[in-house]
Amino acid sequence: MTTFPERVFSGVQPTGNLHLGNYLGAIKKFVALQENHNCIYCVVDMHAITTWQDPKELSGNIREVTAAFIASGIDPEKHVVFNQSQVSEHAELAWIFNCVARMGWLSRMTQFKDKAGKDREKASVGLFAYPALMAADILAYRATHVPVGDDQKQHLELTRDIAQKFNNDFRSSIDEYGYGDQFFPLTEPLIEGPATRVMSLRDGSKKMSKSDPSDLSRIVLTDDRDTIAKKFRKAKTDPMPLPDNLDDLRARPEAENLVNIYAALSETSKEAVLAEFAGFEFSKFKPALVEMAVEKLAPISGEMQRLQADPGHIDQILKDGSDKAREIASITLGAVKEIVGFIK
Ligand code: TRP
């Protein structure tokens, strides 16, 4: 069996309104992984345009995600931070994967069904082919591990299916050119710590979302301390004090969400938070939550603001990152072209 050096890859779409769910569910986990892994973090602008993005806003949104990465503690010197469209190998490999993946596989993707909605005829072809581009992102670096949320697990399985079919279909040329018995690794999901599903602050049964019409439903990463405090103070609750066990908490979505957010920000478990706050009214718990949120999030929004004030600096980080990424991806793509029989 071929063994692949351990490498982590993940991506975030620059679609605006980066919020607490993106931070706790993804970016904060990316930061932690830097300790023990080689990491590549990508602003996936080509995925973003599978649904309409206003060109006047897209570049600002790309810089916003980049600023959030850096402000949260991702180190672009030790690891790789870049935007997808600057490394054309992603698009080239995606085309080859479009020819490996089967219509039936992609037709089963639940995210496509959700995002395309009732009128599938009007969805972009890119939205349908989205998972093949995601596989290209990951496999251009032959990444072994991808931190993903629940909603992306199916896409990661598809990445494995594509890798496996490529390895099988091209077995003889992979062997002929001396690439061992497997050219692509079967990438594993990385689940770091407890799953952090952050819900709307106005409705504990809905995920926190960039597109919710109510600004009060989400904490965005550029909110200043007063705004963070105001939104948590106005967050929906119920009239009961906090329970002392998870079963009772589970029946109260708004309470569970706030406890979960407190736990994730303070890096403890929901159990530990209940052990501290059982019996507290929200009038007492909320001030503690506000204090914790402001302490953890206000420095990030401050640093994001500072970084975004100098777009030239952010663009330079992305350019340097893209150069590093391309060095790896171009080697993979060169080999892939050889394997499929193209002339270089
Ligand atoms: N599809 C992912 C999302 O919407 C973003 C993404 C694109 C990604 N390429 C990736 C995540 C590669 C992990 C690895 O969240």
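This brings us to the packing of aromatic side chains. Enumeration over the complete set of coordinates arrives at 18 aromatic pairs. Following the ring pairs from residue to residue traces out a cluster consisting of Phe97, Phe166, Phe170, Tyr179, Phe183 and Phe184. Looking at arginine 142, its charged tip hangs above the ring of phenylalanine 183, at a distance of 4.2 Å from the centre.

What follows deals with the domain arrangement of the chain. Entries for the chain in the domain assignment read domain 1 (8-194 + 310-340) and domain 2 (215-306). The centre of domain 1, based on its C-alpha atoms, is set 31 Å off from the matching centre of domain 2. In this complex, domain 1 contributes 14 residues to the contact, which on the side of domain 2 involves 15 residues. When domain 1 packs against domain 2, close to 1200 Å² is buried across both sides, 73% of that on carbon and sulfur atoms.

Residues in contact with the ligand, as listed here, are Phe9, Ser10, Gly11, Gln13, Val44, His47, Tyr130, Met134, Asp137, Ile138, Val146 and Gln152. Glutamine 152 is positioned such that a nitrogen or oxygen atom in its side chain is 2.9 Å from a nitrogen atom of the ligand. In isolation the ligand offers 370 Å² of accessible surface; the protein chains occlude 89% of this area. Of all the elements in the fold, those that place two or more residues in the shell around the ligand are β1 (8-12) and α7 (125-139). Per element, the largest residue contribution to the shell around the ligand is four residues, and it comes from α7. For the shell around the ligand, the per-class residue count stands at six nonpolar, five polar and one charged.

With five of its five residues buried, strand β2 (residues 39-43) lies for the most part within the structure. Regarding the hand of the β-α-β motif, the stretch spanning β1, helix α1 (residues 20-33) and β2 is right-handed. Bridging between β2 and strand β3 (residues 80-83) involves four bridges; their strand directions are parallel. Of the residues in β3, the one forming a bridge with cysteine 42 is phenylalanine 82.

This part takes up the side chain of asparagine 257. Residue position: asparagine 257 is located in helix α12 (residues 253-266). Judged by relative accessible area, which is 4%, asparagine 257 ranks as buried.

Direction vectors running N to C along helix α4 (residues 89-98) and helix α15 (residues 311-340) enclose 30 degrees, while the axes themselves pass 10 Å from each other. Classified by the angle between their axes, α4 and α15 sit roughly parallel to one another. Classified by chirality, the crossing of α15 by α4 is left-handed. In this structure, α4 contributes Glu89, Glu92, Leu93 and Ile96 to the contact, and α15 contributes Arg326, Ala329, Ser330, Leu333, Val336, Lys337 and Val340. Split by residue class, the contact of α4 with α15 holds six nonpolar, one polar and four charged.

Attention now goes to the pattern of salt bridges. The tally for this structure, following the rule as stated, stands at 18 salt bridges. With its nearest N and O atoms 2.7 Å apart, the salt bridge here joins aspartate 150 to lysine 153. For aspartate 150, a relative accessible area of 53% translates into the label exposed. The exposure class of lysine 153 is partly exposed, given its relative accessible area of 30%. Between lysine 270 and glutamate 256 there is a salt bridge, and its shortest N-O distance comes to 3.1 Å. Taken as a pair, lysine 270 in helix α13 (residues 270-277) and glutamate 256 in helix α12 lie far apart in primary sequence, 14 residues in all. Take lysine 270: its relative accessible area is 23%, and that puts it in the partly exposed class. What emerges from the salt-bridge pattern is a single network uniting Lys319, Asp323 and Arg326.

Criteria and cut-off values
Residues numbered from 1 in each chain as written. Predicted model: local features only at pLDDT ≥ 70, side-chain atom pairs only at ≥ 80, totals over all residues. Heavy atoms only, no water. Phe/Tyr/Trp six-rings, centres within 6.5 Å; stacked < 30°, edge-to-face > 60°. Lys NZ or Arg CZ within 6 Å of the ring centre and 35° of its normal. Domains from an automatic or database assignment. Contact = heavy atoms within 4.5 Å. Buried area = accessible area lost by both parts, 1.4 Å probe. Near = heavy atom within 4 Å. Polar contact = N/O pair within 3.5 Å; in protein donor to acceptor, adjacent residues only side chain to side chain. Areas by Shrake-Rupley, 256 points an atom, 1.4 Å probe, with all protein chains shown as cover. Helix = DSSP H or I, 4+ residues; strand = E, 2+ residues; numbered from the N terminus. Nonpolar A, V, L, I, M, F, W, Y, C, P; charged D, E, K, R; others polar. Buried < 20%, exposed > 50% of the residue type's maximum accessible area, 1.4 Å probe, protein only. Right-handed = clockwise from strand over helix to strand, strands pointing away. Pairing = 2+ DSSP bridges. Axes fitted to C-alpha atoms, helices over the stretch in contact; angles between N-to-C directions. Parallel < 35°, antiparallel > 145°, perpendicular 65-115°, else oblique. Left-handed = near helix turned anticlockwise from the far one by under 90°. Salt bridge = Lys/Arg side-chain N within 4 Å of Asp/Glu carboxyl O.

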